[in-house]
Amino acid sequence: MDRFRYIDRSGSNAEKYTLRKKLFGSETVEPMWVADMDIATPECVIHAVQERLLHPVLGYEIMRDSAFEAQMQWVNDHHGFSIKREWLSYSPSVVASIGCAIRAFSEAGDEVIVMDPVYPPFYSQVRNNGRQLILHPLKQDREGKYRFDIDMLRSQITPKTKLLLLCSPHNPVGRVWSHNELEALGEVCLEHNIRIISDEIHSDIVYAPYRHIPIASLSLELLENTVTLMGPGKTFNMAGFSISTVCIASEELRAAYDEEVHRLHWGEGAVLSHVAFESAYREAGEWHQEVMAHLTRNRKMIERVLTDHSTIVFHKPEATYLAWLDCRALGMGNSELRDFFVHKAGLGLSPGLSFGREGSGFMRLNFAVSTAVLENALTGLSKALRDA
Ligand SMILES: Cc1ncc(COP(=O)(O)O)c(C=O)c1O
């Protein structure tokens, strides 16, 4: 029996429901946008929090070494990346850490490479911190696999280019970057003294036979040149705990990053998050495997249904529970496409254009839902496509 439970989150304060009216103008649309799951957070996490609450004082605490060690063990076991305790620090948010790293390792007016399409805060963190975006378009090859173009990337670099924001695995296109791809990217960055900020929050939602490779694990030089951002939010469906970690091996980079963190004074995090984090990494391995099996089945169901419809092209993601639907053959503009999904299919998805120019004509569907919800959503979509 599955060790996880599907939860109907309507009526809870889940963002995917509470923002429906604002985003889609409808309270009835099936929300399949924000990247969390309709699956109960592992029981061991809930128990750890309940147990902590038996102590009546919830004062300041710092994260225990044992919590960091639980994550180090997980990352070593799953990704073969051996991390030292002193490289890790707490962060309340991967996105906030991206902002901190941008400020720590570049100056106003410097350029930051961002691949388009990508998770929208990548753009806003660069812009809002007064840096310049260098947009590197990801393009699909003949098999529909998204690739970056290393020669083009080289030609985009100028003396002001200081950082690369890497999304690995990639949201929204679902790529797990291969050893060769990461090596080529790393080489260019090392040649031009460009620091790498690698957001690896999706690294545990990877489908066989793909394997996530932390770019920092490729060589000593890349280890010294990279800031790796990881967290349990996606892996164990516990984004509401606002807890993640930053891994910086280079003492020099770590000192610069820590200075930024002190300026912000975000502290050491919440007591309940600390225990939740440790128990997830230590005890939720089987839960995670079963969730992966479920997501694999859902991914297959989308493929099966959409092969019947030539107007939406779907390539199974190598990672993430996000389906990147190529709807260009429908011949609709972006707002018409959004309206089609909301009003004809009854689905609230993330518009591709919100991930950048290269996302025009695409929609992103979160399939970390129950089989029944997904079946229903795909039936609605199939009917809307037939009527279109
Ligand atoms: C690539 C990526 N990075 C970061 C986040 C959010 O991380 P946090 O909530 O820790 O800021 C998300 C959430 O969807 C994401 O997809």
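1. What about the domain arrangement of the chain?
Right, so step 1: Here the chain is partitioned into domain 1 (15-41 + 285-387) and domain 2 (48-283).
Right, so step 2: One C-alpha centre belongs to domain 1, the other to domain 2, and the line joining them spans 26 Å.
Right, so step 3: Across the contact, 31 residues belong to domain 1 and 36 residues belong to domain 2.
Right, so step 4: Interface area, domain 1 with domain 2, both sides summed: about 2,800 Å², of which 56% is carbon and sulfur.
Right, so step 5: At the junction of domain 1 with domain 2, the criterion picks out 3 salt bridges.
Right, so step 6: With a shortest N-O distance of 3.1 Å, Glu358 and Lys139 are connected by a salt bridge.
Right, so step 7: Applying the counting criterion to the domain 1 and domain 2 interface returns 23 residue pairs in polar contact (both at pLDDT 80 or more).
Right, so step 8: Going through the elements one at a time, helix 12 (285-306), strand 12 (322-326) and strand 15 (362-366) are the ones with two or more residues in the side of domain 1 that touches domain 2.
Right, so step 9: Among the elements that take part in the side of domain 1 that touches domain 2, helix 12 stands out by supplying 7 residues, more than any other.
Right, so step 10: For the side of domain 1 that touches domain 2, the residue count by class is 14 nonpolar, 9 polar and 8 charged.

2. Examining empty space enclosed by the protein
Right, so step 1: Applying the stated criterion across every chain yields a total of 2 cavities of 30 Å³ or more.
Right, so step 2: Estimates place the volume of the largest cavity at around 50 Å³.
Right, so step 3: Lining the largest cavity we find Gln71, Trp74, Val75, His79, Glu200, Ile201, Ser203, Asp204, Met230, Gly231, Thr235 and Tyr281.
Right, so step 4: Looking at the lining of the largest cavity, its residues break down into 5 nonpolar, 5 polar and 2 charged.

3. A look at the site of the ligand
Right, so step 1: Residues in close proximity to the ligand include Ala35, Ser93, Val94, Val95, Tyr119, Cys167, Asn171, Asp199, Ile201, His202 and Lys234, which together make up its full environment.
Right, so step 2: Here an oxygen atom of the ligand sits 2.7 Å away from a polar atom, N or O, in the side chain of Ser93.
Right, so step 3: Between an oxygen atom of the ligand and a main-chain N or O atom of Val94, the distance comes to 2.8 Å.
Right, so step 4: In this structure, the ligand is accommodated by the largest pocket.
Right, so step 5: Here the shell around the ligand is composed, by residue class, of 6 nonpolar, 3 polar and 2 charged.

4. As for the pairing of strand 7 (residues 161-167)
Right, so step 1: Of all 7 residues in strand 7, 6 are buried; the element is thus mostly enclosed.
Right, so step 2: Both strand 3 (residues 111-116) and strand 7 contribute to a ladder of 4 bridges, which runs parallel. In the strand pairing of strand 7, Glu111 is matched with Thr161.
Right, so step 3: Once you follow strand 7 into helix 8 (residues 179-191) and on to strand 8 (residues 195-199), the crossover reads as right-handed.

5. Quick notes on the sheet that holds strand 10 (residues 244-248)
Right, so step 1: With mixed pairing, the 7 strands of this open sheet are ordered in space as 2-10-9-8-7-3-4. Looking at which strands have only one partner, the edges of the open sheet turn out to be strand 2 (88-91) and strand 4 (132-137). Across this sheet, the average inter-strand angle for adjacent strands is 25°, counted without regard to direction.
Right, so step 2: Across 5 bridges, strand 7 lies against strand 8 in parallel orientation. In the strand pairing of strand 8, Leu163 is matched with Arg195.
Right, so step 3: The strands touched by helix 6 (residues 121-128) within the sheet are strand 3, strand 4, strand 7 and strand 8, with strand 3 carrying the most contacts at an inclination of about 165°.
Right, so step 4: Set on the sheet, helix 8 makes contact with strand 3, strand 7 and strand 8; between it and strand 7 the angle comes to about 165°.

6. A look at the packing of helix 13 (residues 334-344) against helix 14 (residues 371-387)
Packed helices, taken two at a time, are described by their axes: the angle between them and the distance between them.
Right, so step 1: It is at 9 Å that the axes of helix 13 and helix 14 come closest, and there the two elements cross at 120°. As summarised for this structure, helix 13 and helix 14 are arranged oblique, according to the angle between their axes. Here helix 13 runs over helix 14; the crossing is right-handed. Facing helix 13, whose interface residues are Phe340, Phe341 and Lys344, helix 14 presents Gly380, Leu381, Ala384 and Leu385.
Right, so step 2: Looking at the contact of helix 13 with helix 14 residue by residue, the classes come out as 5 nonpolar, 1 polar and 1 charged.

7. Topic: the layout of surface pockets
Right, so step 1: In this model, the largest pocket occupies a volume close to 1,100 Å³.
Right, so step 2: Around the largest pocket, the lining comprises 46 residues; the ones closest to its centre are Val34, Ala35, Asp36, Lys234 and Ala239.
Right, so step 3: Classifying every residue of the lining of the largest pocket gives 25 nonpolar, 13 polar and 8 charged.
Right, so step 4: Residue contributions to the lining of the largest pocket reach at least three from each of two domains, namely domain 1 (15-41 + 285-387) and domain 2 (48-283).
Right, so step 5: Sorting the residues of the lining of the second largest pocket by element identifies helix 4 (65-79), strand 2 and helix 10 (251-264) as the ones contributing at least two each.
Right, so step 6: Tallying contributions element by element places helix 10 first for the lining of the second largest pocket, with 4 residues.
Right, so step 7: Residues of the lining of the second largest pocket, tallied by class, amount to 8 nonpolar, 4 polar and 4 charged.

Parameters at a glance
- Residues numbered from 1 in each chain as written.
- Predicted model: local features only at pLDDT ≥ 70, side-chain atom pairs only at ≥ 80, totals over all residues.
- Heavy atoms only, no water.
- Domains from an automatic or database assignment.
- Contact = heavy atoms within 4.5 Å.
- Buried area = accessible area lost by both parts, 1.4 Å probe.
- Salt bridge = Lys/Arg side-chain N within 4 Å of Asp/Glu carboxyl O.
- Polar contact = N/O pair within 3.5 Å; in protein donor to acceptor, adjacent residues only side chain to side chain.
- Helix = DSSP H or I, 4+ residues; strand = E, 2+ residues; numbered from the N terminus.
- Nonpolar A, V, L, I, M, F, W, Y, C, P; charged D, E, K, R; others polar.
- 1 Å grid on protein atoms, 1.4 Å probe; cavity = no way out; pocket = protein on both sides within 12 Å on 5 of 7 lines; lining within 4 Å.
- Points joined across faces, edges and corners; volume = space filled by probe spheres on them.
- Near = heavy atom within 4 Å.
- Sits in = over half its atoms within 2 Å of the grid points.
- Buried < 20%, exposed > 50% of the residue type's maximum accessible area, 1.4 Å probe, protein only.
- Pairing = 2+ DSSP bridges.
- Right-handed = clockwise from strand over helix to strand, strands pointing away.
- Axes fitted to C-alpha atoms, helices over the stretch in contact; angles between N-to-C directions.
- Parallel < 35°, antiparallel > 145°, perpendicular 65-115°, else oblique.
- Left-handed = near helix turned anticlockwise from the far one by under 90°.

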